[in-house]
Amino acid sequence: MCKKCYVTTPIYYASGKVQIGNTYTTVACDTFARFNRQMGRNTFYLTGMDEHGQKIEEAAIKANMTPQAFVDKVAAETKELWKVMKINYDGFIRTTDKHHEEIVARVFERLLANDDIYLGTYSGNYCVSCETFFTKSQLGENDTCPDCGKPTKVVSEESYFLRLKKYATQLLTYIKEHPNFICPETRRNEVISFIESGLEDLCVSRTSFNWGIKVPSNPKHIIYVWIDALFNYLTALGYDTKENQLYKDFWLNNNRIYHVVGKDILRFHAIYWPIMLMALDIPIRFKLIVHGWILTKEGKMSKSRGNAVYPMDLISRYGVDAVRYYLVKELPLGNDGLFSYERFVERYNYELANDLGNLVSRSISMINKYCDGIVPSNQLPTSVLDESLAKFANETITKTIQCFEQFKLQDGIGETWQLIRRVNKYIDETAPWVLAKDQSKKIDLDSVMYHLAEALRVIAILIAPYLVDTSNKILQALNQTNTNMRLDQLQFGEKFSNEKVFLKENLFQRLDMEKELEYFASQKQNEIKEKLESNTVKVKIGIEDFNKISLVVGEIIECKKHQNANKLLVSKVKIGQEIRQIVSGIANFYHPDELIGKKVIVVENLAPSKIRGVESQGMLLCATDQDKLELVEVRNLPCGSIVR
Ligand code: MSP
């Protein structure tokens with residue numbers, strides 16, 4: 001049997017722009033799929049878009065578009081992003097694809113005919129103005145709507161239900177008999193205790209909106225978006241159609257099927273999905289790999305919290321590889337990771353520019369200097385140091401593969417970096433510049449140059465799944481364009497061609513942390529400004545909203561530059577008897593000394609926050625016009641006066 005592999009990412013909600021957090025799954029899966037191809041496996045990597053449901057219908061209305069036009073636009077943008085990010089997928093499924101819709105409708109009817117789905121009554125607390133049901137735990141005080149605060153009422157609605165209870169024992173047995181089904185173990189245990197606490201049948205149809213697949217025999221019902229979405233893993237392979245070769249190859253006759261998902265969607269994949277497969281007599285062949293979240297310092301990334309980071313903003317400044325590298329390196333399997341600009345720049349400088357970039361440029365320039373650009377033969381006599389390097393490299397290949405096989409991408413990268421650091425040390429130990437001074441050491445010097453070039457080749461192949469461009473650049477610099485990229489055949493000791501090595505430019509330029517952080521701070525300010533401007537035009541607020549803001553006159557009694565940011569000033573402002581510290585982005589417009597004694601308007605009840613490490617307890621009002629800015633001032637009234 002030919003070695004095969006099927007890797008899937010959860011399909012993205014087509015409700016808006018993909019941010020860096022949910023880019024993680026795709027980059028990690030692409031890395032994993034590339035690794036499997038390097039291991040000689042015929043690999044099918046699937047990604048796509050989840051395009052039905054109320055959330056998307058609402059987003060389309062907001063954008064003044066039809067749902068179909070809306071999802072077409074988001075799908076096109078997402079595909080474009082994946083192209084830029086070098087996501088090498090084999091299938092891109094959209095749940096609005098005709099063949100997907102047809103199969104899901106058929107499968108639903110089949111489950112209904114077998115009595116695994118039945119018609120019942122859903123009863124819950126319903127908010128009429130939001131047109132939404134809420135569970136008891138979601139409700140506000142006195143059963144009010146958590147969104148609009150109005151009272152909800154208990155309403156019953158005809159709905160279809162999937163029999164989960166019927167399959168609970170069978171699923172538990174399956175999980176217990178297949179210890180590797182859900183990975184890591186903590187997630188497996190979570191699922192077991194959830195099932196053991198008792199499963200309720202799942203409501204799998206809605207009648208309150210239109211954008212979805214209709215139940216053919218009862219078209220006022222729309223199939224629940226999760227039933228629709230989970231089937232993508234099979235409809236993409238042609239399951240239940242005449243063209244089902246992919247299904248046969250990659251599902252029925254394949255032992256390497258990986259669904260990689262974030263922890264938030266564990267239950268859907270570990271409970272509903274296998275139960276549907278059991279009900280349909282489809283073998284459960286997949287392994288579930290559950291990863292954590294990329295968090296920011298303020299918690300989970302979200303557009304509404306204003307802490308979302310978008311991949312293109314980073315890619316346009318640092319290139320694709322740096323972003324791919326950060327993401328796959330950040331999450332240990334199963335746990336959460338962090339995104340911060342400081343950490344991004346730090347990792348770029350230490351790991352990419354210093355460790356890897358420097359190693360490559362040092363090595364290539366020494367081969368040019370000492371060997372006229374030609375990598376010496378692989379048959380030279382070797383020293384103890386050379387041999388120990390070759391051994392280390394071969395061990396690293398084995399260890400990296402072992403980690404990647406288990407989806408421990410972070411650990412695998414860590415192993416490869418041990419080798420990169422080992423090679424840097426090897427240069428210091430062998431001191432080629434000393435050998436070069438002694439003609440009788442020419443063979444030793446050549447051997448060192450060969451070992452350096454060969455170590456770079458090994459490293460380039462090991463990093464190829466995630467540092468796609470960098471790997472190519474290193475191999476090109478070594479004139480190894482037709483190299484065998486197979487990891488399962490990789491060994492230290494290859495012979496090089498007689499063409500000259502040549503590195504066009506350094507792989508990664510070291511970054512100035514201060515400059516980069518300032519750049520991002522100004523980007524953020526622009527974003528906030530744009531948001532404010534667009535809000536000013538669009539949103540009307542009532543006087544009760546305006547009254548929430550407390551504005552008072554304050555006098556600046558001290559002012560100095562912010563120690564970590566050129567654009568910021570830190571002022572001490574007197575408001576009545578109280579003195580507040582306020583950080584403002586006005587250093588390009590005012591010298592600290594000229595502010596002393598000014599009476600300005602302070603937003604007094606703004607929640608304190610840290611700006612580049614300094615606490616700010618309010619905000620000074622300014623007027624701006626394009627690139628001009630002035631503080632709003634008061635002349636005759638005392639500080640503490642109320643502004644309204
Ligand atoms: N449409 C569903 C999946 C259906 S699969 C049959 C969905 N989409 S999503 O767009 O919300 O999320 C896609 C993936 O991104 C999920 O695996 C989710 O866990 C992951 N992430 C979303 N935010 C994330 C982070 N901040 N960090 C890491 N991954 C996160 O769920």
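This structure is a prediction, so every number in the text was calculated from the model and none was measured. (Residues numbered from 1 in each chain as written. Predicted model: local features only at pLDDT ≥ 70, side-chain atom pairs only at ≥ 80, totals over all residues. Heavy atoms only, no water.)

Novice: Summarise the site of the ligand; cite the residues concerned and give the values.
Specialist: Close to the ligand lie 23 residues; I11, N22, D50, D264 and I294 are nearest. Interatomic distance of 2.7 Å between a side-chain N/O atom of D50 and a nitrogen atom of the ligand. Within the backbone of G262, a nitrogen or oxygen atom sits 3.0 Å from an oxygen atom of the ligand. Contact with the protein chains removes 95% of the 660 Å² of surface that the ligand exposes when unbound. If you list the elements that add at least two residues to the shell around the ligand, you get β2 (12-13), α1 (20-38), α7 (225-230), α8 (232-235) and β12 (257-262). (Near = heavy atom within 4 Å. Polar contact = N/O pair within 3.5 Å; in protein donor to acceptor, adjacent residues only side chain to side chain. Areas by Shrake-Rupley, 256 points an atom, 1.4 Å probe, with all protein chains shown as cover. Helix = DSSP H or I, 4+ residues; strand = E, 2+ residues; numbered from the N terminus.)

Novice: Can you break down the sheet that holds strand β14 (residues 294-296) residue by residue, with the values?
Specialist: One open sheet holds the 3 strands; their spatial order is β15-β14-β16, and the pairing between them is mixed. Single-partner strands in this sheet number two, and they are β15 (299-300) and β16 (337-338). (Pairing = 2+ DSSP bridges.)

Novice: How would you summarise the side chain of H562 if you had to cite specific residues and measurements?
Specialist: Structurally, H562 is set in the loop between β17 (551-561) and β18 (569-575). Leaving out residues up to four positions away in the same chain, H562 has contacts with L568, L569, V570, V583, I611, R612 and V614. (Contact = heavy atoms within 4.5 Å.)

Novice: Account for the pairing of strand β25 (residues 628-631), with residues named and values stated.
Specialist: Here is the key point about a regular strand: its side chains alternate between the two faces of the sheet. On β25, burial follows the alternation: L629 and L631 on one face are buried, whereas K628 and E630 on the facing-out side are not. The pairing of strand β24 (residues 622-625) with β25 spans 4 bridges and is antiparallel. Each residue of the ladder has a partner; that of C622, found in β25, is L631. (Buried < 20%, exposed > 50% of the residue type's maximum accessible area, 1.4 Å probe, protein only.)

Novice: Kindly report on a nonpolar patch on the surface, identifying the contributing residues and their values.
Specialist: Nonpolar side chains collect at one region of the surface, where I541, I543, F546 and I549 lie side by side and expose about 380 Å² of accessible area between them. The residue I543 is located in helix α20 (residues 543-546) in this model. (Patch = residues over 30% accessible without salt bridge, like charges linked within 9 Å, V, L, I, M, F, W, Y side chains within 5 Å. Salt bridge = Lys/Arg side-chain N within 4 Å of Asp/Glu carboxyl O.)

Novice: Any chance you could break down the state of the cysteines for me, citing the residues and the numbers?
Specialist: The final tally for this structure, using the stated rule, is 0 disulfides. A disulfide-free cysteine, C29 has its sulfur positioned 10 Å from the sulfur of C5, the nearest such atom. In this structure C183 is not part of a disulfide, and its nearest cysteine sulfur, from C403, lies 13 Å away. On the accessibility criterion, C183 (16% relative accessible area) is buried. (Disulfide = S-S within 2.5 Å.)

Novice: Tell me about the packing of aromatic side chains, and please be specific about residues and values.
Specialist: One pass over the full model with this rule turns up 34 aromatic pairs. Pairing W251 with F286 gives two aromatic rings, centres 6.4 Å apart and planes at 50°, and the pair type is tilted. Of the two residues, W251 is situated in helix α9 (residues 245-252) and F286 in strand β13 (residues 286-291); the sequence distance between them amounts to 35 residues. On the accessibility criterion, W251 (0% relative accessible area) is buried. Judged by centre distance (5.1 Å) and plane angle (40°), the rings of Y325 and W417 are tilted. Remark: W417 occurs in helix α15 (residues 409-430) and Y325 occurs in helix α12 (residues 320-330); sequence separation between them is 92 residues. Relative accessible area serves as the criterion here: at 1%, Y325 is assigned to the buried category. A relative accessible area of 2% means that W417 is categorised as buried. Three or more aromatic residues joined by ring pairs form one cluster here, namely Y6, F44, Y174, F181, F231, Y233, F250, W251, W273 and F286. Positioned above the aromatic ring of F194, the side-chain terminus of R267 is 3.6 Å from the ring centre. (Phe/Tyr/Trp six-rings, centres within 6.5 Å; stacked < 30°, edge-to-face > 60°. Lys NZ or Arg CZ within 6 Å of the ring centre and 35° of its normal.)

Novice: Provide a residue-level description of the sheet that holds strand β9 (residues 202-203), including the pertinent values.
Specialist: Ordered by their spatial adjacency, 4 strands build an open sheet running β6-β5-β7-β9, and the pairing between neighbours is antiparallel. The open sheet is flanked by β6 (132-134) and β9, the only strands paired with a single partner. With 3 bridges connecting them, strand β5 (residues 117-127) and β6 associate as antiparallel partners. Note on β6: the bridge partner recorded for C127 is T132. In the packing of helix α4 (residues 98-113) onto the sheet, contacts are made with β5 and β7 (153-162), and the angle to β5 comes to roughly 105°. (Axes fitted to C-alpha atoms, helices over the stretch in contact; angles between N-to-C directions.)

Novice: Tell me about the domain arrangement of the protein chain, and please be specific about residues and values.
Specialist: Annotation of the protein chain at the domain level lists domain 1 (4-314), domain 2 (340-489) and domain 3 (540-643). Contacts between domain 1 and domain 2 engage 18 residues on the former and 19 residues on the latter. Taken together, the two surfaces of domain 1 and domain 2 that pack against each other cover about 1700 Å², and 66% of this comes from carbon and sulfur. Put simply, domain 1 and domain 2 have 4 salt bridges between them. For K86, the salt bridge goes to D469, with nearest N and O atoms at 3.0 Å. Taken together, domain 1 and domain 2 are joined by 6 residue pairs in polar contact (both at pLDDT 80 or more). With 8 residues, α1 is the single largest residue contributor to the side of domain 1 that touches domain 2. Taken together, the residues of the side of domain 1 that touches domain 2 break down into 9 nonpolar, 3 polar and 6 charged. (Domains from an automatic or database assignment. Buried area = accessible area lost by both parts, 1.4 Å probe. Nonpolar A, V, L, I, M, F, W, Y, C, P; charged D, E, K, R; others polar.)

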